[in-house]
Amino acid sequence: MPSPIAMLKADHATVRRLLRELSETGDRAVKERERLVREIERELKMHAQIEEELFYPTFKKVAEDTQSEHLFYEATEEHHVVDMVLPALKAANPKSPEFEAKAKVLKDLVEHHAREEENQMFASARQLMNDQQLEALGELMQQRKETLRTMWDNPVLRPVKKVQGVVHKMLPTKVKNVKANAIARMAEGRETH
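First things first, this report covers the structure right here in the doc. (Residues numbered from 1 in each chain as written. Predicted model: local features only at pLDDT ≥ 70, side-chain atom pairs only at ≥ 80, totals over all residues. Heavy atoms only, no water.)

Some thoughts on the pattern of salt bridges
Rules: When a carboxyl oxygen of Asp or Glu is within 4 Å of a side-chain nitrogen of Lys or Arg, the pair counts as a salt bridge. By the criteria applied, helices consist of DSSP H or I runs no shorter than four residues and strands consist of E runs no shorter than two, each listed in order from the N terminus.
For the structure on display, the rule yields 15 salt bridges. For Glu-100, the salt bridge identified is with Arg-33, shortest N-O distance 3.1 Å. With a gap of 67 residues between them, Glu-100 in helix H4 (residues 97-128) and Arg-33 in helix H2 (residues 30-63) connect regions that are remote in the sequence. We note a salt bridge from Arg-149 to Glu-43, for which the minimum N-O separation is 3.7 Å.

Below, the structure is given as structure tokens:
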């Protein structure tokens, strides 16, 4: 089973590549820009959902009352900022200077977020979790990713996924943190049975 950290790093690499490709397009490449924004949206949304439903709650639980706990809060706030910038990029005219500016801001946000997770949060997770915990988390994340990919790729399920995404985007970070705490408590309950 893949490591949860390796999975998330692979997602980061994919999104970084797509954002780099987007930054290299010219204002005449309207169709290419639109295609890339759709791919970036899909990859970011799946990645964020897996992190917020599984990785972050687990990390928060194991990091509770440690110096690493703040990383959970920073990461969820950074997701919230991306949730504001991505729709603005999608709504911008692909030929406009505003589109390029929004694409650059999104790229900078994602780069910062990924670098912080990879250098700090993932290192802390490796220290705070044992191999069995990481393996179990990786298995859950892989299953969830397959489900999400199916929803994004299936034309019948795509509208459901988009509605789910809109509702999720509108949730304040505080509500997402409460949700993460509830998920962590449920996971803890499964481990004790």
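Regarding the side chain of His-79
This is how the line gets drawn: Relative accessibility under 20% of the residue-type maximum defines a buried residue, over 50% an exposed one, and the middle range a partly exposed one, all with a 1.4 Å probe and only protein chains included. Distance and chemistry together define a polar contact, namely a pair of N or O atoms within 3.5 Å, with one atom able to donate a hydrogen and the other to accept it when in protein, and with adjacent residues in sequence counting only for side-chain atoms on both sides. In this analysis, two residues are considered to be in contact whenever any of their non-hydrogen atoms come within 4.5 Å of each other.
Summarising the element assignment, His-79 is placed in helix H3 (residues 69-91). The buried category is assigned to His-79, whose relative accessible area is 6%. Only 2.8 Å separates the side chain of His-79 from the side chain of Glu-51, close enough to count as a polar contact. Excluding residues within four positions of it along the chain, His-79 makes contact with Ala-48, Glu-51, Glu-52, Tyr-56, His-113 and Glu-117.

Things to note about the packing of aromatic side chains
Where two aromatic rings form a pair, the distance of their centres and the angle of their planes describe that pair. Put simply, the rule is: Here a pair means two rings of Phe, Tyr or Trp (six-membered ring of Trp) with centres within 6.5 Å. Their orientation is stacked below 30 degrees between planes, edge-to-face above 60, and tilted elsewhere.
Summed over all chains, the structure comprises five aromatic pairs. Both rings, one in Phe-55 and one in Phe-59, keep their centres 6.3 Å apart while their planes meet at 15 degrees; by these two values the pair is stacked. Placement of the pair is Phe-55 and Phe-59 together in helix H2, with a separation of four residues, close to one helical turn. We note that Phe-55, like Phe-59, is buried. Ring geometry for Tyr-56 and Phe-72: centres 6.3 Å apart, planes at 85 degrees, overall edge-to-face. Of the two residues, Tyr-56 is situated in helix H2 and Phe-72 in helix H3; the sequence distance between them amounts to 16 residues. You'll find Tyr-56 and Phe-72 in the same group, each marked buried. A connected cluster of aromatic rings, assembled from ring pairs, spans Phe-55, Tyr-56, Phe-59, Phe-72, Tyr-73 and Phe-122.

Some points on the packing of H3 against H4
In plain terms, the rule: Every axis corresponds to a line fitted to the C-alpha atoms, with the helix fit spanning only the stretch in contact, and the corresponding angles, defined between N-to-C directions, vary from 0 to 180 degrees. The scheme is simple: roughly parallel for angles under 35 degrees, roughly antiparallel for over 145, roughly perpendicular for 65 to 115, oblique for anything else. Each crossing is labelled by how the near helix is turned from the far one, with a counterclockwise turn of less than a right angle marking it left-handed and a clockwise turn marking it right-handed. Three categories are distinguished: nonpolar for Ala, Val, Leu, Ile, Met, Phe, Trp, Tyr, Cys and Pro, charged for Asp, Glu, Lys and Arg, and polar for the others, with Gly belonging to the last.
Between H3 and H4, the shortest axis-to-axis distance is 10 Å and the interhelical angle comes to 160 degrees. Looking at the two axes, H3 sits roughly antiparallel to H4. Relative to H4, H3 is oriented so that their crossing is left-handed. Tallied by class, residues from the contact of H3 with H4 come to 15 nonpolar, five polar and five charged.

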